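Residues per chain are reported as follows:
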Amino acid sequence: MYLKTLHLQQFRNYSDQKVAFDAPKTILVGDNAQGKSNLLEAVELLSTLKSHRVSRDRELILDTQDNGQITGNLERETGRIELGLILRSKARRTVLLNSQSLRRQLDFLSILNVVQFSSLDLELVRGSPERRRSWIDRLLVQLEPVYAYILQQYYQVLRQRNALLKTARSQSHSSGEEHSQKPILNSELAVWDAQLAVTGARVIRRRYRVLERLIPLAQTWHHLISGSTENLHLTYQPNVQVITAENTRLSALSPQDVQQAFLQKISTRTLAEQQQGTTLVGPHRDDIIFTINQTPARQYGSSGQQRTLVLALKLAELQLIEAVIGEPPLLLLDDVLAELDLSRQNQLLEAIGDRFQTLITTTHLGAFDSQWLQQTQILSVQAGK
Ligand code: ATP
Ligand code: MG
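- The chain is annotated in an unreviewed UniProt entry as DNA replication and repair protein RecF from Lyngbya aestuarii BL J.
- Quoted straight from UniProt, the Subcellular location (unreviewed entry) entry for the chain says "Cytoplasm".
- Recorded in UniProt for the chain, the comment headed Function (unreviewed entry) runs: "The RecF protein is involved in DNA metabolism; it is required for DNA replication and normal SOS inducibility. RecF binds preferentially to single-stranded, linear DNA. It also seems to bind ATP."

Put into structure tokens, the structure is as follows:
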């Protein structure tokens, strides 16, 4: 797929700017705080309807205005599509497909596919489990947009179950019955347990499935980039573990297997959940562990090793999305290319080739190979222009 044009109106520090991308690779060059990352963020929004930087639309709109708009023209093998997003500070956003307003946002997801890589992504290795869950969830949404609903349903049930546990705890505190289990709570809770297990199992099975496909790709890339001395391992660590016979593919688990394991674990944690007033079991507590030569990369990896690991993950994402969607996604590289040493830079550029449209930001062109620069479109970004 190829993003031909982008039009930013009252978006971040852009008042009105049209951009045409006329080469597979575009470099956005400019000093700090000029609008390079803002432009990539606009592309991200057209892809996922989310920004990894902020959650409120108000912050995305030019600060003197009440609404803003992003429009992009995309060329896919199936034809041309115009994607639009209208942001409003005091009302809901509008999502446009070929100028028609869409009722279901789900239909907008996975039309434009992107893989992003910015220095923030190092948090994938260094940060909390929440970062890794949201990474895998975002990837899943791109591969299978309905996952956005599946996740939403799970979190809805989770919130309701937490509210019930919290209320019950405060009631038992005030009546001094710390450890007694209330019959009303138990029967009410059982309803939510069942729903949590059903919706949670959908999340767990999909996470298993995507990681099973992603892991070998990431390992291959990692081998290639780091040389063969380092072995990368990724392990999905679901909070609800399903015990299976040896050699069973975990992604092939039936929904019932997972639900059963889920309910089983809940039954062992009931007292703790009632004491703490929150749900302790479920995929909202999953993690993914990265190790290099059997050593956890989060605590012990050097910063170069962590960077290489994330790079391998991103390349694996590109490959997986291409395989599933059937078209190469866009790659957005925010400030990371210049930070890689020349050999890794070349590895990456070679891997991307001309297949993947790539937008790259940098503060200086000096870090790049001059021959390579001749084949790229260079746009200079200054104060939102
Ligand atoms: P760096 O090289 O430091 O990463 P950049 O070119 O990527 O810089 P951006 O993050 O794209 O910088 O843009 C930051 C600029 O955008 C800042 O000057 C910031 O004040 C401005 N900005 C951000 N949000 C808004 C907004 N809603 N309205 C107006 N300006 C904004
Ligand atoms: Mg930036």
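## Looking at the pairing of strand β6 (residues 94-97)
Step number 1: Examined bridge by bridge, strand β5 (residues 79-88) and β6 share 4 bridges and lie antiparallel to one another. Across the sheet, residue Gly-84 finds its bridge partner in β6, namely Leu-96.
Step number 2: By the bridge criterion, 2 bridges tie β6 to strand β7 (residues 100-101) in an arrangement that is antiparallel. Bridge pairing in β7 places Leu-97 opposite Gln-100.
Step number 3: Counted between consecutive antiparallel strands, the loop separating β6 from β7 contains 2 residues, among which Asn-98 sits at a positive phi close to 50°.

## Structural notes on the nonpolar core
Step number 1: Judged by nonpolar contacts, the single largest core of 89 residues is most densely connected at Ala-42, Val-43, Leu-309 and Ala-312.
Step number 2: Considering every element that reaches this core, the biggest residue donor is helix α5 (residues 183-226), with 11 residues.
Step number 3: Counting contributing residues per domain, this core is built from domain 1 (2-113 + 328-380) and domain 2 (122-326), each supplying no fewer than three.
Step number 4: Setting aside chain neighbours within four positions, we find Leu-309 in contact with Val-125, His-222, Leu-232, Phe-290, Ile-292, Ala-297 and Gly-301.

## Notes on the domain arrangement of the chain
Step number 1: Per the domain assignment, the segments making up the chain are domain 1 (2-113 + 328-380) and domain 2 (122-326).
Step number 2: Distance from the C-alpha centre of domain 1 to the C-alpha centre of domain 2: 29 Å.
Step number 3: Listed as interface residues are 13 residues of domain 1 and, on the opposing side, 15 residues of domain 2.
Step number 4: In terms of residue count, the dominant contributor to the side of domain 1 that touches domain 2 is helix α9 (residues 342-352) (4 residues).
Step number 5: For the side of domain 1 that touches domain 2, the residue count by class is 8 nonpolar, 4 polar and 1 charged.

## Side note on the environment of Gln-305
Step number 1: Mapped onto the elements of the fold, Gln-305 is located in helix α8 (residues 303-325).
Step number 2: Note on Gln-305: 20 C-beta atoms within 10 Å, which makes it buried.
Step number 3: Each C-alpha atom, one on Gln-305 and one on Ile-292, is 8.4 Å from the other, the two residues being 13 residues apart in sequence.
Step number 4: Here Gln-305 is in contact with Ile-292 and Ala-297, once residues within four sequence places are set aside.

Quick notes on the rules
Residues numbered from 1 in each chain as written. Chains lettered and ligands numbered in written order. Predicted model: local features only at pLDDT ≥ 70, side-chain atom pairs only at ≥ 80, totals over all residues. UniProt positions renumbered as here; feature names shortened; annotations may be inferred. Pairing = 2+ DSSP bridges. Helix = DSSP H or I, 4+ residues; strand = E, 2+ residues; numbered from the N terminus. Core = buried A, V, L, I, M, F, W, Y, C linked by C-beta atoms within 7 Å. Buried ≥ 20, exposed ≤ 12 C-beta atoms within 10 Å, placed from the backbone. Domains from an automatic or database assignment. Contact = placed C-beta atoms within 7 Å. Nonpolar A, V, L, I, M, F, W, Y, C, P; charged D, E, K, R; others polar.

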